[in-house]
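Below are the chains, spelled out letter by letter.
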Amino acid sequence: MPALPRWLLCGWAALLLVAVAAAGGPSKAPAASPGFTATALTDMFRAYGDTSGQWLGADRTASVRLPGGDVLWLFSDTFLGSPAADGSRPASAPLIHNSAVVQDGPALGATLHGGSPQAPSSLIPTEKDKEFYWVGDASVSGDDVQVLVNRYGLTGDGPLDHKLLGTALATLDLPGLGTEEVEALPLGDRVSWGSEVLPDGEHTYVYGTEAAGSMKFAHVARVSGTDLGEPWEFWTGSGWSTREADSTRVLSGVGTNYGMRRVGGRYVLVTHENNLMFSADVVAYTADAPTGPFTGPQYLFQAPETGAGHIVYDADLHTDLARPGKLLVSYNVNNLDDRVAYSDANIYRPRFVEVDWPPGSRSRKAPEPPGGLTAAPQGAGNAGLAWQPPDDGVTYRVYRRDTTAGQTHFVRLPGDGPGAATAFQCDFLVNGHTYEFAVTAVNKHGESGLSNVAAMTATVPAPPAPQSVRAEPGPTGKVSVKWGAVPFVQLFKVLYRNVTGGQRDASPAGAFPGTSATIGPLRNGLTYDITVVAVGGGGESGPSAPARVTVRVQPPPAPRAAPTAAARPDGSVDLAWPQVGNGLAYRVYSRDVTIGETALGRPAIAADNTYRARHLVHDHEYEFAVSAVNDGGEGPLSEPVRVRARVDGPQSTPTGLLVETKHGKVELRWQSRENWHWVFRRDVTAREREFTRDDIPVQGTRTILYGLRDGHEYELRVAAFTGGGVGPQSEPVKFKAVSAAPVNVRAEATGRGAVRLTWTEPQPGSSYRIRLRDATAAEAWRLDPYPVTGTRFETQLLTAGHRYEFQVLTIEGEASATVAVTAR
């Protein structure tokens, strides 16, 4: 099974989309002195999402008190922008993977992210497109905020195709909160470290979450002092080890993120209840040490949003903001059906709840525990429980522990329970797992302790296939799928098969709770069969009967505003425009207004809502417009924008001029950041006063010099140039042109009609041509047809008694002194 998305890791489900925006007018919440009420914070973030024009919603919701008293809120997946007039989240809302907002008193400031307002990106970026960071927790160390982030990678196109790759430490500077550094920590991919960071005494404790099947377990590490970049130690159950592999599980049923703080002399861990799938409960565990052992759970509250079919996850503690005698708890909300999640932008925003703390002790008038509890297999995968009543006038609660899965504590089963009955049927069991059960009695004075424990191993058959599957295509290529409920099943897999393309095996579209899902986008014009599989404690059902649907994708609308255009000093232009929708490509059209072009053309492709137009002409005015493209085709053009291209003349001066003679060639080299250069020269020996520019420009930072006079001294300068002009000239370099022509040339008659030439090379390794003539016959000079290397040349078949003259020429044509010899 692929690793699940971050919020899904909190509850065994499907993908979570999240939202954050970038600042606008501050959103205020009246602060209760010296803390905040839960209602004030919930309303503050709701108003911020509705009115800031930047932050639409997000999850994770970690808080860090900054020096000076401000509060830094950190978020993972974040939607940006403003809600639509009907309160929905626009399909064009940009999604980034992490962001931050600073709270100053009762007001929220700007949303902090990377990129620009037109093209936002994550505050803490990765260098790879298919990898991203989700926020763990953070703390202040010295002049920085240190943020533990979990790195995830995409393993496919489906919403479940995410994999934990490791943990990194991001450093944000103070007070600017820019990302200074992101350092990968020497940690593996078994535990997502950073679920909570707890400075306590001489150490800072770091909590993490291990996902193992449907269960999640807490781990503990620590560093000495407050610097999370120092060496880590890991709790083994009995001591500390420097090896992460020795880290042991300390508690089951935690979320991917949870809260851990020291409150009133004890350590309190607050988490969304994850021993059960899609629970509404938020619970607390307590311990005398940061490593446990933990007692509990204490049931704090139930999140009401699950009643509307939403999921809740990632509870956290905010003790710095809490009022005296209260636990201030946040949790996140989402819906796994995109159609529902986008219908109301407020779904995907944090909620806050206050709980009285510490809890009261058990009343002496609370009932005694029930007795004689038994558990036996009953029906299709159920457990039949029965017990003896301790007294009249009580009701009962049932608790369960999955020992096979490694569950550490009993968890209360949801719902109304058995009421006053002394028997109960427990469902949603996993085949082959051994369970322990206990029961408590409840009266108006409180709840008893647990009864005796009864154990049973479950035998659970696979569920039946879902019925009444329906599929309805939408205009963007997404398909809304609905099906009938299946008893004792909370999770369903949706699959699709391309009928038009002849696909044989269906592809997974994702896993979803409830009885609806939105999948895709699928391809325009193709017909698909959609099937649904029920996932229960006994495994998976067979696929449902298919629902056939033909996808029709409408071309996207035009960007809602003209692009912005910013001319760059290198002559390029940066364009950005409002995002039309997630996952779209764009075409960028342009025309050169200065030369009279009348029609937009030359479409370029942009993978997102930014584009850099290059190879423009200095001081020309250009017009740009943009269209969005999806599988249904190309949408209409945006309103155009005009901009004048500007190319600044170079400001830097070439340096490090060096002249070297190699293989008969004089080479000039220099250092420069620019690409094109002019070379200027002055013949000092000829008493030239001004530098003269060479006729041919140089691309790069080296050139061969021609047209030099033997023995003359020269000064050379170099200057970079662009379409905007010529930059400053370098300091001059002097050199003396040395002749490359051979010297000490000698000619010797070596035999009948044979002559040998020898010479000395001024520049070893050069190539030469031999020029000769029969002076006796008054012959004109002629070139021997073959080049020569080295310092010797031999020729034959000369006329005896005739006098011959020879010259040795460089490849460039520079000649040696003439020598003569009479052939034998």
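Let me sum up the structure you'll find in this document. (Residues numbered from 1 in each chain as written. Predicted model: local features only at pLDDT ≥ 70, side-chain atom pairs only at ≥ 80, totals over all residues. Heavy atoms only, no water.)

Helix and strand counts for the chain stand at two helices and 68 strands. Here the C-alpha radius of gyration of the chain, 39 Å, is well above what a compact globule of 824 residues would show, namely 28 Å. The dimensions of the chain, computed from C-alpha atoms along their principal axes, are 145 × 60 × 60 Å. Across the chain, the fraction of contacts at a sequence separation of at least 24, relative to all contacts at a separation of at least 6, is 60%. Put simply, the chain shows about 36,200 Å² of open surface, and 48% of that area lies on carbon and sulfur atoms. (Helix = DSSP H or I, 4+ residues; strand = E, 2+ residues; numbered from the N terminus. Rg over C-alpha atoms; globule rule 2.2 N^0.38 Å. Contact = heavy atoms within 4.5 Å. Areas by Shrake-Rupley, 256 points an atom, 1.4 Å probe, with all protein chains shown as cover.)

Once that is clear, we can look at empty space enclosed by the protein. This structure, assessed with the given rule, holds two cavities of 30 Å³ or more. Estimated volume of the second largest cavity: approximately 40 Å³. In this structure, the second largest cavity is lined by Ala62, Ser63, Asp137, Glu196, Arg261, Asp316, Leu317 and His318. (1 Å grid on protein atoms, 1.4 Å probe; cavity = no way out; pocket = protein on both sides within 12 Å on 5 of 7 lines; lining within 4 Å. Points joined across faces, edges and corners; volume = space filled by probe spheres on them.)

This part is about the sheet that holds strand 21 (residues 259–263). For sheets, the rule is that strands pair by backbone hydrogen bonds, running either parallel or antiparallel. Taking strand neighbours across the sheet as the criterion, the four strands line up as 21-22-23-24 in an open arrangement whose pairing is antiparallel. Strand pairing shows two members of the sheet lacking a second neighbour, strand 21 and strand 24 (295–302), which therefore form its edges. Strand-to-strand, the axes of this sheet are offset by a mean angle of 25°, without reference to chain direction. Pairing of strand 22 (residues 266–272) with strand 23 (residues 281–287) involves six bridges; the strand directions are antiparallel. (Pairing = 2+ DSSP bridges. Axes fitted to C-alpha atoms, helices over the stretch in contact; angles between N-to-C directions.)

We now examine the pairing of strand 17 (residues 215–224). Counting buried residues in strand 17 gives nine out of ten residues, a clear majority hidden from the surface. As defined by bridge partners, strand 16 (residues 203–212) adjoins strand 17 across ten bridges and the pair is classed as antiparallel. Paired with Tyr205 across the strands is Arg222, a residue of strand 17. In sequence, strand 16 turns back onto strand 17 through a hairpin of two residues, with Gly213 there showing a positive phi of about 65°. As paired elements, strand 17 and strand 20 (residues 251–252) share two bridges and run antiparallel to each other. Bridge pairing in strand 20 links Ala218 to Leu251. As paired strands, strand 17 and strand 18 (residues 233–235) are joined by two bridges and run antiparallel to one another. Note on strand 18: the bridge partner recorded for Ala221 is Phe234. (Buried < 20%, exposed > 50% of the residue type's maximum accessible area, 1.4 Å probe, protein only.)

Attention now goes to helix 1 (residues 38–51). Counting along an α-helix, one turn takes 3.6 residues, and residues three or four places apart therefore face a common direction. Over its 14 residues, helix 1 extends 20 Å from the first C-alpha to the last, a length consistent with the 20 Å expected when each residue adds 1.5 Å. Listed in full, the buried residues belonging to helix 1 are Ala38, Ala40, Leu41, Thr42, Met44, Phe45, Tyr48 and Gly49. Following helix 1 by one or two positions, Gly53 adopts a phi angle in the positive range, close to 75°. (Expected span 1.5 Å × (residues − 1).)

Further remarks concern the environment of Trp240. Residue position: Trp240 is located in strand 19 (residues 240–241). In this structure, the C-alpha to C-alpha distance between Trp240 and Val220, residues 20 residues apart in sequence, is 9.7 Å. Non-local contacts of Trp240, meaning those with residues more than four positions away in its chain, are made with Tyr205, Val220, Ala221, Arg222, Glu233, Phe234, Trp235 and Thr291.

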